[in-house]
Amino acid sequence: MGTGIVVGIEGTPASRAALEWAFREGLARRAPVTVVHAWTHGPGRDIQLARASSCMVVAAVAEARRAVGGTPRVVERSRAGAAAKVLLSEAEGAELLVVGRGHRAGVVDVIGHSVSAEVVRHAPCPVVVVPGPPAEDPIDLDDPAAVVGATLG
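First, a word on what this report is: a plain description of the structure on this page. This structure is a prediction, so every number in the text was calculated from the model and none was measured.

Between its terminal C-alpha atoms helix α1 (residues 13-29) stretches 24 Å, which fits the 24 Å expected from 17 residues at 1.5 Å a residue. For α1, the set of buried residues is A14, S15, A18, L19, E20, A22, F23 and G26. In this structure, the buried residues of α1 make contact with β1 (5-8), β2 (33-39), α2 (46-68), β3 (74-80), β4 (96-101) and β5 (127-131). Taken from the residues just after α1, R30 is the one with a positive phi, measuring 55°.

Following this line, the structure appears as structure tokens:
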């Protein structure tokens, strides 16, 4: 048996959906959930980036806790490195790896440069890719140019 569920977050609606899904699954399985945010080095800014990442993880966990109405045991991690590499490393020995995918990432997924595509190809455990909420692009129906532009995409 693995060490629980690993979920990657990045502050997007898709990653919020993935985190909430992972919390619900962790509660159902009575498994711990490791919440991971990966950040990349910035010349002379590593301390600020690490702090911002840690704060984001804490805030995301609190928000998901409120949304789900309960929480499994949670481990919070902020790690420097490329997102896919960090998640694959964290998933060693895990029961499940959970990531979000935005609706606009489809073309990127096809050519293989998304984090979700990378972890699906190389994960050491089962992967769940949670779609984010549909993108909201408000269209002013009184503006013919906006309507034409929206339909042409």
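Pairs can form between side chains of opposite charge once their charged atoms are near each other. Counting across every chain of the model gives six salt bridges. The closest approach of N and O atoms between R16 and E63, which form a salt bridge, is 3.7 Å. With R16 in helix α1 and E63 in helix α2, the pair connects residues that are 47 residues apart, well separated along the chain. For R121, the salt bridge identified is with E118, shortest N-O distance 3.2 Å.

Between α1 and α2, whose axes approach to 9 Å, the crossing angle comes to 60°. By the criterion of interaxial angle, the relationship of α1 to α2 is oblique. Seen along the crossing, α1 lies across α2 with a hand that is right-handed. Seen from α1, the contacting residues are R16, L19, E20, F23, R24 and L27; seen from α2, they are A60, V61, E63, A64, R65, A67 and V68.

Conventions and cut-offs
- Residues numbered from 1 in each chain as written.
- Predicted model: local features only at pLDDT ≥ 70, side-chain atom pairs only at ≥ 80, totals over all residues.
- Heavy atoms only, no water.
- Helix = DSSP H or I, 4+ residues; strand = E, 2+ residues; numbered from the N terminus.
- Expected span 1.5 Å × (residues − 1).
- Buried < 20%, exposed > 50% of the residue type's maximum accessible area, 1.4 Å probe, protein only.
- Contact = heavy atoms within 4.5 Å.
- Salt bridge = Lys/Arg side-chain N within 4 Å of Asp/Glu carboxyl O.
- Axes fitted to C-alpha atoms, helices over the stretch in contact; angles between N-to-C directions.
- Parallel < 35°, antiparallel > 145°, perpendicular 65-115°, else oblique.
- Left-handed = near helix turned anticlockwise from the far one by under 90°.

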